[in-house]
Structures are given as C-alpha cells and as structure tokens.
Amino acid sequence: MTTHIIGAGLAGLSAAVTLAGAGHRVVLYEAGPAAGGRARSYFDRALGCRIDNGNHLLLSGNTAAMDYLDRIGARGTLAGPGEAFFPFMDLATGARWTVRPGAGRLPWWVFARGRAVPGVRLREYLKLLALGRAAPGATVAEVLGGGALYRRLLEPLAVAALNTRPEQALAALLRPVVEETLLRGGRACVPLFAREGLSESLVDPALAWLAARGGRLHTGRRIAGLRIAEGRVAGLETPDGAVAVAAGEAVVLAVPPWVAADLLPGLVVPDRFEAILNLHFRTEAAPGAAVARAGFLGLIGGTAEWAFLRPGIVSVTVSAANHLVDLPAEAIAARVWGDLRAALGLPEAVAPMRVVKEKRATFAATAAQERRRPGTRTGLANLALAGDWTATGLPATIEGAIRSGRAAAEVLLAA
Ligand SMILES: Cc1cc2nc3c(=O)[nH]c(=O)nc-3n(C[C@H](O)[C@H](O)[C@H](O)COP(=O)(O)OP(=O)(O)OC[C@H]3O[C@@H](n4cnc5c(N)ncnc54)[C@H](O)[C@@H]3O)c2cc1C
C-alpha cells in the first residue's frame, strides 16, 4: 500500500520511516531542493564550507529521536562529550562553570563542587518539581524565575528548548522536557549533536534507508492543493499535474503550519512565530579544556547563547530572536563577535561570517499558541497531520517533530 507524504522535514521522514518499517510503500513530495526542512546542511559558497542552517542539540533522553537514529543506523554520526557535561560562561562577570549531572536519577550531584551550578541553594532545585504543579497558563518565569539556578541553567535551557522568552513561554511545555531529561538524571542529559552535519545525521541516512525499502523522494515538488472527495483525499495537485490517491492509499501532511492551513481551509494552526539566528564564523577557536571536550559552550549575559565548535568554524545560536532578526547581518555579527572574543579568546577583527536568519523557526511557545495546535487526526479518513507544531505536548523540537511523524503513521496504520 502506498502512503503519500507531503513535506520531507523530520516529521515527514519520521512518518515515512515508521510506515516503510510496517511494509508501506512511501512517496515523499518536498517543495525545496532537498529534504530536511528546518534541519539541513548545505555548502556555503562565501564561507567555502558546508554549514547547517542552525546548531541543533539533542539530549540522550530524546527517546523518539534516538529510536529514529537507531532505526536508520545513524546514532554513530552524533558527537558530544559522552556524558552530561555543559560548560557555561557568564559574559557579564567572566565566571565559568560546568554543570555535570550524575548518571543516575538521585540528584546527589547538586551538592558536588565542580558538578553543580555554583551559588545555588538546594531549595532552588526543588523548584523544578513545581513545574509538575504549575497552573495552566503559567509562564516559565512565573514558575521557575529568580535565583542563580534559573539564571545559570534553567533560563538558558528553557530559551533553547522553547525558543520563546521565559516571561511568555508556557511552563507546561517545558515540563515534559525537564521530566524526560534533567529529572531522569545524567544518563538522559548527554548532549549530542551532528558530528559532520544535520543532513549527514538526520536526513541522508533516512533517505538511504527508505530507498532500500522502495521509498521515493520527489524534490522540487510543491503540493499546491488537495483534491477532496467523499470524506477522503483523492488527489494531490502538483505544478506538473495531479497525482491520484487511490482507494486504500493514505496521505501525511507534514508541512509548516501556514502551508497546512492553506491546503486544509478551516484548520486552526499556530500563527505566531519566533526567529532563531545562527552565525557561522570561519575561524579557529582556542577553547579551554572543558569547551574543547564538550564541543560547545553556553553563554549567558550577552547576545550569543550557544557556541558550537567544529574544525575551522564557530557557529553561534541566538534563540527567541524576533527583536534582532531585522537588524543588518553585520550589526548582529558585531554584537555576537564581541561575546565570542571574550569567551573564546578570538582576535578583534570579525572573521568571515554568514548570518542565517530563520524568521519562522518555531511557533511561539505561549499559552495562546498551544491552544491552536491541532491533533494528528483530521476530518478526512485517509489524512493525518505531522509537524513539530501539532499537539505533541512538546515544544517545537526534533523530538516533537519525530514523535508527530510517528503518531501520524500510527493513526494511518491503525486505520
Ligand atoms: C535554527 C534552528 C535551530 C533549531 N535548534 C534545535 C535544537 O537545537 N534542538 C531541537 O530539538 N530542535 C531544534 N530546532 C527545531 C527543529 O529544527 C524542528 O522542530 C524540526 O526540524 C521541524 O521539523 P518538521 O518536519 O516539523 O518541519 P519542517 O522542517 O519545516 O518540514 C516541513 C517541510 O515541508 C516542506 N514543504 C512546505 N510546503 C510544502 C508543500 N506545499 N509541498 C511539499 N513540501 C512542502 C518544507 O520545504 C519542509 O521541508 C531548531 C530549528 C531551527 C530553525
């Protein structure tokens, strides 16, 4: 049986892998020139090297992402320090510390010098449990705000996971992230990132795995409309003509929310977004031992938030960046370079750089937007929705996208 999958981002690929694993034939239609969507690698001519659209961090507690990687045989393409290990620097004071949760669930490490966040009282850690009791609609800042633990660990983690300022971000969306990682202990908090590139880890191995099972990907094939008849999708409109969806065949719609709303009039979807900036500098950093071991550094008190180091390139992420995204690239780079110089001992002159602006990087993780996330099922018998913006209970992350694709496949398989 054939399933047509519209959109070859991670949600579409995850649906495809689940369906192909269950014996379905899958055909993916991708509007762009390559699969991967918001997690992709490409050659940047100005920099003369391959870059990712943005740094992506996974944690070992992202179980659906780990299952997906295992299934496509790509877990070994990830890199990282091999244990829960997060070096930080405060740009305002110059203080440096490394958070190293112990492997087990018992949080003994919160008392251990060299492992815990410095200057934190035990009762601040207990605030994490308050996430589970947060009032509906409460923000991250309302539940967790204040104190050194918040400033030095929870705020940077929350901004990275939710891509929304904690004063607006919904605490209920941070809760599963914390429950599935920090509260499970260090074994669930091992940071992982693509050693070579996002496409080499998350996309190309999936496409090879699918191709070996008869799956097909059509790139440059934007689906412009759905033909609906008798309560089901009966055809897809492409610029080159219609594709019939035969009786017994199904469709997964795994496109961004605004495209889904165009294709399915009446569908309510998130409609407020937050930008993420990624700045790639062609330079060689000389990091200290902790940063060299981790491969990244968390920065607080400046514009730069996370710096990832690869040979010959330093890539910096700035999340929840709507307030910066319309500034000229040079102005953003000058601010971020100032932070990096302090953190990584770089020279004064800004290195050759590329600023990648993802204006609609994720939906804004607010209470109002959470209410607009639709479920997997639609009113049409053979159509399921996927995407990090569907009602996964998680913020817009790789883990959420992969779970959404799996859920869409499971709904269709059950039908
Ligand atoms: C800069 C940045 C940094 C991030 N960092 C992290 C991180 O550190 N950790 C983490 O877990 N997550 C991170 N994320 C989030 C993560 O990238 C996304 O959650 C995930 O990639 C979303 O996948 P998706 O398949 O839901 O959507 P998308 O990737 O948007 O996929 C949708 C696909 O549909 C295609 N499409 C659109 N219209 C059509 C059409 N009409 N016909 C056919 N195809 C169409 C698009 O081209 C796209 O390929 C980050 C995102 C960004 C942008």
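Residues numbered from 1 in each chain as written. Predicted model: local features only at pLDDT ≥ 70, side-chain atom pairs only at ≥ 80, totals over all residues.

### Thoughts on the site of the ligand
Residues in close proximity to the ligand total 36 residues, the closest being G7, G9, G37, G54 and T397. The class makeup of the residues in the shell around the ligand is 18 nonpolar, twelve polar and six charged. (Near = placed C-beta within 6 Å. Nonpolar A, V, L, I, M, F, W, Y, C, P; charged D, E, K, R; others polar.)

### As for the domain arrangement of the protein chain
For the protein chain, the assigned domains read domain 1 (2–33 + 219–270 + 373–414), domain 2 (44–81 + 191–195 + 272–363) and domain 3 (103–185). Between the C-alpha centres of domain 1 and domain 2 the distance comes to 30 Å. Contributing elements (two or more residues each) for the side of domain 1 that touches domain 2: helix 1 (10–21) and helix 12 (398–414). Counting residues per element, the side of domain 1 that touches domain 2 draws most heavily on helix 12, at five residues. Its residues placed into classes, the side of domain 1 that touches domain 2 shows seven nonpolar, two polar and four charged. (Domains from an automatic or database assignment. Helix = DSSP H or I, 4+ residues; strand = E, 2+ residues; numbered from the N terminus.)

### Thoughts on the nonpolar core
Ranked by internal contacts, the top residues of the largest apolar core, which has 134 residues, are A15, A16, L174, V252, A307 and A408. Apart from residues lying up to four places away in sequence, A408 is in contact with A15, V252, T376, A384, L385 and A386. (Core = buried A, V, L, I, M, F, W, Y, C linked by C-beta atoms within 7 Å. Buried ≥ 20, exposed ≤ 12 C-beta atoms within 10 Å, placed from the backbone. Contact = placed C-beta atoms within 7 Å.)

### Details of the sheet that holds strand 13 (residues 241–244)
Judged by pairing direction, the sheet is antiparallel, and its three strands sit side by side in the order 11-12-13 without closing on themselves. Both edges of this open sheet fall to strand 11 (225–229) and strand 13, since each of them pairs with a single strand only. On average, each strand axis in the sheet is inclined to that of its neighbour by 30°, with strand direction left out of account. In this structure, strand 11 lies alongside strand 12 (residues 232–238), joined through five bridges in antiparallel fashion. (Pairing = 2+ DSSP bridges. Axes fitted to C-alpha atoms, helices over the stretch in contact; angles between N-to-C directions.)

### A closer look at the packing of helix 1 against helix 7 (residues 198–211)
For the pair helix 1 and helix 7, the least separation of the axes is 10 Å and the interaxial angle reads 30°. The pairing of helix 1 with helix 7 is recorded here as roughly parallel in orientation. Here the hand of the crossing between helix 1 and helix 7 comes out left-handed. Contacts between helix 1 and helix 7 involve L10, L13, A16, V17 and A20 from the former and L202, V203, A206, W209 and L210 from the latter. Of the residues contributing to the contact of helix 1 with helix 7, the split by class is ten nonpolar, no polar and no charged. (Parallel < 35°, antiparallel > 145°, perpendicular 65-115°, else oblique. Left-handed = near helix turned anticlockwise from the far one by under 90°.)

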